[in-house]
Amino acid sequence: MMAAAADGLGSIAIDTTQLNMSVTDPTAWATAMNNLGMVPVGLAGQQLVSDSICVPGFDPSLNMMTGITPINPMIPGMGLVPPPPPTDISVVKEIIHCKSCTLFPPNPNLPPPSTRERPPGCKTVFVGGLPENATEEIIQEVFEQCGDITAIRKSKKNFCHIRFAEEFMVDKAIYLSGYRMRLGSSTDKKDSGRLHVDFAQARDDFYEWECKQRMLAREERHRRKLEEDRLRPPSPPAIMHYSEHEATLLAEKLKDDSKFSEAITVLLTWIERGEVNRRSANQFYSMVQSANSHVRRLMNEKANHEQEMEQAKENFKDALTGILTQSLAAQAYALKEENDSLRWQLDAYRNEVELLKQEKGQLFRPEENLPKDQQLQFLQQTMQGMQQQLLTIQEELKNKKSELEHAKEEQSHTQALLKVLQEQLKSAKELAETNGHSHEDANEINVLTVALVNQDRENNTEKRTQGLKSEKEALLIGIISTFLHVHPFGANIEYLWSYMQQLDSKISANEIEMLLMRLPRMFKQEFTGVGATLEKRWKFCAFEGIKTT
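Residues numbered from 1 in each chain as written. Predicted model: local features only at pLDDT ≥ 70, side-chain atom pairs only at ≥ 80, totals over all residues. Heavy atoms only, no water.

Peer 1: Kindly report on the pattern of salt bridges, identifying the contributing residues and their values.
Peer 2: The final tally for this structure, using the stated rule, is 20 salt bridges. Arginine 232 is the salt-bridge partner of aspartate 229, the closest N and O atoms lying 2.9 Å from each other. With a shortest N-O distance of 3.0 Å, arginine 297 and glutamate 301 are connected by a salt bridge. Taken together, the positions of arginine 297 and glutamate 301, both in helix α9 (residues 281–360) and 4 residues apart, correspond to about one turn of that helix. In this structure arginine 297 comes out as partly exposed when scored by relative accessible area, which is 32%. Salt bridges here are not isolated pairs; linked through shared partners, they connect Lys123, Arg163, Asp205 and Glu208. (Salt bridge = Lys/Arg side-chain N within 4 Å of Asp/Glu carboxyl O. Helix = DSSP H or I, 4+ residues; strand = E, 2+ residues; numbered from the N terminus. Buried < 20%, exposed > 50% of the residue type's maximum accessible area, 1.4 Å probe, protein only.)

Peer 1: Describe the sheet that holds strand β1 (residues 96–97), and please don't skip the residues or the numbers.
Peer 2: As summarised here, the arrangement of the 4 strands in space is β1-β2-β6-β7, forming an open sheet in which the pairing is antiparallel. Lying at the two open borders of the sheet, with one neighbouring strand each, are β1 and β7 (192–194). Here 2 bridges tie β1 to strand β2 (residues 101–104), and the two strands are oriented antiparallel to one another. Residue pairing across strands places isoleucine 96 opposite leucine 103, the latter belonging to β2. (Pairing = 2+ DSSP bridges.)

Peer 1: Give me the lowdown on the nonpolar core, citing residues and values where you can.
Peer 2: A general trend in soluble globular proteins is that nonpolar side chains are found buried together. Core analysis: the biggest nonpolar cluster contains 29 residues, and Val125, Val127, Phe143, Ile162, Phe164 and Met181 have the highest contact counts within it. Mapped by element, the contributors of at least two residues to this core are β2, β3 (124–128), α4 (136–143), β4 (149–154), β5 (159–164), α5 (168–174), β6 (180–183) and β8 (196–199). Contacts of phenylalanine 143, omitting those with residues within four sequence positions, involve Val127, Ile149, Ile162, Phe164, Ala173, Leu176 and Val197. Counting 21 residues, the second-largest nonpolar core is a separate cluster that includes Ile480, Tyr495, Leu496 and Leu519. (Core = buried A, V, L, I, M, F, W, Y, C linked by side-chain atoms within 4.5 Å. Contact = heavy atoms within 4.5 Å.)

Peer 1: Mind laying out the packing of α9 against helix α13 (residues 493–503), listing which residues take part and the relevant values?
Peer 2: In the contact formed by α9 and α13, the axes pass within 9 Å of each other and the chain directions differ by 130 degrees. Between α9 and α13, the angle falls in the class oblique. Crossing of α9 over α13 shows left-handed handedness. Seen from α9, the contacting residues are Ser341, Trp344, Gln345, Ala348, Tyr349 and Glu352; seen from α13, they are Tyr495, Trp497, Ser498 and Gln501. Here the residues of the contact of α9 with α13 are counted per class, giving 5 nonpolar, 4 polar and 1 charged. (Axes fitted to C-alpha atoms, helices over the stretch in contact; angles between N-to-C directions. Parallel < 35°, antiparallel > 145°, perpendicular 65-115°, else oblique. Left-handed = near helix turned anticlockwise from the far one by under 90°. Nonpolar A, V, L, I, M, F, W, Y, C, P; charged D, E, K, R; others polar.)

Peer 1: So what's going on with the sheet that holds β8? Residues and values would help.
Peer 2: Sheet architecture is open: 4 strands sit in the order β4-β5-β3-β8, paired in antiparallel fashion. Looking at the sheet topology across the chains shown, the edges are occupied by β4 and β8. Shown here is a sheet whose adjacent strand axes are inclined to one another by a mean of 20 degrees, direction ignored. Note that β3 and β8 share 4 bridges and pair antiparallel.

Peer 1: Describe a negative patch on the surface, listing the residues and the values that go with them.
Peer 2: Taken together, the side chains of Glu306, Glu310, Glu314 and Asp318 present a region of like negative charge at the surface. Along the chain, glutamate 310 turns up in helix α9. (Patch = residues over 30% accessible without salt bridge, like charges linked within 9 Å, V, L, I, M, F, W, Y side chains within 5 Å. Areas by Shrake-Rupley, 256 points an atom, 1.4 Å probe, with all protein chains shown as cover. Lys, Arg positive; Asp, Glu negative; His and termini not counted. Charge placed at Lys NZ, Arg CZ, Asp CG, Glu CD.)

Peer 1: Help me get a handle on the state of the cysteines, residues and values and all.
Peer 2: Here the structure, examined in full by the defined rule, presents 0 disulfides. Note on cysteine 101: no disulfide assigned, nearest cysteine sulfur contributed by cysteine 98 at a separation of 4.4 Å. (Disulfide = S-S within 2.5 Å.)

Peer 1: Quick one: what's the story with empty space enclosed by the protein, residue by residue and with numbers?
Peer 2: Applying the stated criterion across every chain yields a total of 2 cavities of 30 Å³ or more. A volume near 80 Å³ is recorded for the largest cavity. If you trace the largest cavity, you find it lined by Met240, Glu246, Leu249, Leu250, Lys253, Glu262, Ala263, Val266 and Trp270. In this model, the second largest cavity occupies a volume close to 30 Å³. Looking at the second largest cavity, the residues that line it are Ala348, Asn351, Glu352, Ala491, Asn492, Tyr495, Glu535 and Arg537. (1 Å grid on protein atoms, 1.4 Å probe; cavity = no way out; pocket = protein on both sides within 12 Å on 5 of 7 lines; lining within 4 Å. Points joined across faces, edges and corners; volume = space filled by probe spheres on them.)

Peer 1: Explain the pairing of strand β10 (residues 535–540) to me, using residue names and the numbers behind them.
Peer 2: If a strand is regular, its side chains alternate between the two faces of the sheet. For β10, a buried count of 5 out of 6 residues is recorded, marking the element as mostly surrounded by other parts of the structure. Sheet topology places strand β9 (residues 523–528) next to β10; 6 bridges connect them, and they run antiparallel. Looking across to β10, one finds that phenylalanine 527 is bridged to lysine 536.

Peer 1: Before we move on, can you summarise α9 with the specific residues and values?
Peer 2: Helix length check: α9, at 80 residues, gives a terminal C-alpha distance of 115 Å against a target of 118 Å (1.5 Å per residue), a fit within 8%. In this structure, the buried residues of α9 make contact with α7 (244–254), α8 (260–273), α13 and β10. Two residues or fewer past α9, glycine 361 is found with a positive phi of approximately 80 degrees. (Expected span 1.5 Å × (residues − 1).)

Peer 1: How would you sum up the environment of serine 402? Please name residues and give values.
Peer 2: Inspection of the secondary structure assignment puts serine 402 in helix α10 (residues 372–435). On the accessibility criterion, serine 402 (39% relative accessible area) is partly exposed. From its side chain, serine 402 meets the backbone oxygen of asparagine 399 in a polar contact 2.5 Å long. (Polar contact = N/O pair within 3.5 Å; in protein donor to acceptor, adjacent residues only side chain to side chain.)

Peer 1: Please give an account of unusual backbone geometry that cites residues and values.
Peer 2: Of note in this structure, asparagine 158 is not a glycine but carries a positive phi near 65 degrees. Residue placement: asparagine 158 occurs in the loop between β4 and β5. Here asparagine 158 falls in the partly exposed class, since its relative accessible area comes to 24%.

Peer 1: Lay out the packing of aromatic side chains with the relevant residues and their values.
Peer 2: Inspection of the entire model under this criterion finds 12 aromatic pairs. On the basis of an interplanar angle of 70 degrees and a centroid distance of 6.4 Å, the ring pair of tyrosine 349 and tyrosine 495 is categorised as edge-to-face. Remark: tyrosine 495 occurs in helix α13 and tyrosine 349 occurs in helix α9; sequence separation between them is 146 residues. By relative accessible area, which is 17% here, tyrosine 495 ends up buried. Summarising the aromatic geometry, the rings of phenylalanine 483 and tyrosine 495 are spaced 5.5 Å apart at their centres and angled 70 degrees between planes, so their arrangement reads as edge-to-face. Taken together, the residues span a long stretch of sequence, with phenylalanine 483 in helix α12 (residues 471–485) and tyrosine 495 in helix α13 at a distance of 12 residues. This pair shows no difference in class: phenylalanine 483 is buried, exactly as tyrosine 495 is. Connected via pairs of aromatic rings, a cluster forms that spans Tyr349, Phe483, Tyr495 and Tyr499. (Phe/Tyr/Trp six-rings, centres within 6.5 Å; stacked < 30°, edge-to-face > 60°.)

Peer 1: Would you mind going over the environment of serine 155 in detail, with residue names and values included?
Peer 2: Within the secondary structure, serine 155 sits in the loop between β4 and β5. Along the chain, serine 155 and glycine 128 lie 27 residues apart, while their C-alpha atoms are 9.9 Å from each other. Within the local environment of serine 155, its side chain forms a polar contact with the backbone nitrogen of lysine 157, the two atoms lying 3.4 Å apart.

Structure representation (structure tokens):
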């Protein structure tokens, strides 16, 4: 049965002596491809046709239209070639048991058996090193595990050729290369042999591969033609021939803005065709004139629109310049404020440093060693300090005068109130005498008048002290008290304001100073330094009043 199949298959194995076209000869490959109607694109070891015609329906521009990456059919695992085993993982071959024989794996330390280059469309393998007593049935039993076998051609010299149904089955057969085959449990040399499996060249395989490539090429050409037809722009509509009726209709279309472009195309086509003659010259002249007037009107409109566009650009430029100027001004103002605050902080730190140097005695030098210019400078600074002290004393005097005037007003108010109460008292006594009330009722009236006077005095004192107005002021007083308590030598108003500004950026130095002046029992102001280093410092004095009491 196997012999009949082999005879029906014909000569599958092709020796190099019988093959007229060498695989490594580029000229032979070019001739073969020209005979097939395809352009030769590869040499030995390369593809014989382009990747775009190796897969049915493959589109080389598909990745540009849909984002799908093109597939190369010759990439292992993606097309006809199966994926090779990974090189970094060692393949452990095991013993294979069959009904008639046993296959023992080769030594894993030996290099893998060599194979020739794979022919295109290979479905046939060469199997050498067979035992002398091996039959076709045993060979089929061993290799049918790799896939469906279509034909086996066995030679008398311990080798054979096996043709499989599909190409990937060949790789499974190559896996058995290097195995030692033993028939049954016999130890005879004729019942054992080391297998050598390699790719074989067969006319039938190459012919099937060529037919498949021709079919794929035809499908690719058909697909490209359909794609070109789909992407080809539509043909322009046919233009009618010249006649008086069509010329009249065309003249009306030239006056219509929506149909002018179509009408001018027809007019130019008629002129190119040579439809103009003596008989139709007047009509063509009138149509050309109307077209010319229409074009002039369009040019005027274009000029007006361009002028409006330029005007809009200028307006936009002016508006943008104004916005940029405003933003720059706001940034400059913010930078100025930040610069002022930093300068005030620097002055406060500088004053602190000078005060510390004074306390350590680094700046105390005998005046005899100083030159006259420095002495004069010190005297000027002292005069400036005295002037500042005089100004502060004048301010305090003004405050005292205002308080004295306020006290006088309160005294006059209390006196007027006392007079009114006395008159009321007199009238009440007279009524009591006339009505015959007892002396106890008169005493009660005196007590009420005294209580009213005392209540009025207490109200005046409360108005004079001017308590806290809001919760924010109470919070500020608590923070300032804590800050000044940890600074026993006191702090100037700039230093205190720079600290408070970190908590509340909207507060000003004047608000802090007015709040401190309203509470003389908690905060007091002292002058420290000499000359240019003279400055006002605020101290926390609430605990001093508690100690004295």
